[in-house]
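Structural characterization, general
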Amino acid sequence: MRMPEQWQGRVRAPIIAAPMFLVSNPDLTAACCKAGVIGTFPALNQRSTEGFVEWLEVLNGQLTERDAPFGVNLIVHKSNPRLQADLEQVVRYKVPLVITSLGAATEVVDAVHSYGGLVFHDVVNARHAEKAARAGVDGIIPVAAGAGGHAGTINPFALVPEIRRVFDGYIVLSGCISSGDGVAAAIAMGADFGYMGTRFIGTREAAADDAYKQMLVDANAADIVYTPHISGVPANFLRASIERAGMDPDNLKPKEGGVDFGTELSGGKAWKDIWSAGQGAGQVRDIPSAGELCHRLIAEYHETCRQMGSVSAAAA
């Protein structure tokens, strides 16, 4: 495990709370950061650049240099007309971490590097990782099989080593991680951070419907449906939410009207009415505050590392 120099002493465990469309907000982000976990949110969770700025102001007012850094997710895709305006505000407010999706753009990387920020980019295979590496990103987020949202299909034990062969920066593993020992396992296989989304939906600060949170508590891994027929791109959704929308999860028809990348620009039912979650939903059994959850995850992570160290020493 490696930690960026500017984050050392501020991050209590190598955990990033993933930016979740319509779910992550300043309250969730700040609570994570204050507990020692990197909190993030999508810029497009605010419906305008002006609203995005309001959230940046809120976080800058709540967080100190002693807290863990926060991050913002930018959609780097032609469907996002706000990219340039939002990027200008990212630079203005010197956002510590920028997570890019749907395109690794050198101009975005250069803009963030201009003030000393870091750029992590999510990918689903080694080919996309190579492209991101050429764009100069600092970190790559392998979105492995079972992750929430637009997930890949490759097992993390295969995906992380393939990416490490073509990239020597930070690796942030995403996919079914819902506990501190899961983070420790990600580190053991060669990642530098664990990336959690689904587990943080199940917190009191998350801007998710109470029925959504309860559905997570009731779900197991088998209750997650991987399909391209909701958003136009293969993604994981809660079976019960598909049924709740009056659809048959086992007989879904191809989505009409183009691809919904998880932005408010599409106006579809995905994400708002049909709820996403990863296979790690089976580990969500309560709805604590984000701070309480972070402290639990940090303790689990360090205890698992201690136990792994003891086993290693005994084997030697």
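In this text the structure is predicted, and so the values were computed from the model without any measurement. (Residues numbered from 1 in each chain as written. Predicted model: local features only at pLDDT ≥ 70, side-chain atom pairs only at ≥ 80, totals over all residues. Heavy atoms only, no water.)

Okay, the pairing of strand S3 (residues 70–75) next. Counting buried residues in S3 gives six out of six residues, a clear majority hidden from the surface. Because side chains alternate across S3, one face comprises the buried residues Phe70, Val72 and Leu74, and the other comprises Gly71, Asn73 and Ile75, equally buried. One ladder, built from four bridges, connects strand S2 (residues 38–42) with S3; its direction is parallel. Across the sheet, phenylalanine 41 pairs through a bridge with valine 72, a residue of S3. Since S2 and S3 lie parallel, the crossover through helix H2 (residues 49–62) that links them has a hand, and here it is right-handed. (Buried < 20%, exposed > 50% of the residue type's maximum accessible area, 1.4 Å probe, protein only. Helix = DSSP H or I, 4+ residues; strand = E, 2+ residues; numbered from the N terminus. Pairing = 2+ DSSP bridges. Right-handed = clockwise from strand over helix to strand, strands pointing away.)

You will see that leucine 22, though not glycine, has its phi angle at about 65°, which is positive. The class for leucine 22 is partly exposed, based on a relative accessible area of 35%. Its identity is not glycine, yet lysine 94 carries a phi of approximately 50°, on the positive side. Along the chain, lysine 94 falls in the loop between helix H3 (83–92) and strand S4 (97–101). On the basis of relative accessibility, which here comes to 52%, the residue lysine 94 falls in the exposed class.

Here we come to the packing of H3 against helix H4 (residues 106–113). Packing of H3 against H4 leaves a shortest axis separation of 9 Å and a crossing angle of 20°. The angle between H3 and H4 falls in the class roughly parallel. Note on packing geometry: the crossing formed by H3 with H4 is right-handed. Contact residues: H3 offers Leu87, Val90 and Val91, while H4 offers Val108, Ala111 and Val112. Here the contact of H3 with H4 is composed, by residue class, of six nonpolar, no polar and no charged. (Axes fitted to C-alpha atoms, helices over the stretch in contact; angles between N-to-C directions. Parallel < 35°, antiparallel > 145°, perpendicular 65-115°, else oblique. Left-handed = near helix turned anticlockwise from the far one by under 90°. Contact = heavy atoms within 4.5 Å. Nonpolar A, V, L, I, M, F, W, Y, C, P; charged D, E, K, R; others polar.)

In short, shape yes, function no, at least from these values alone.
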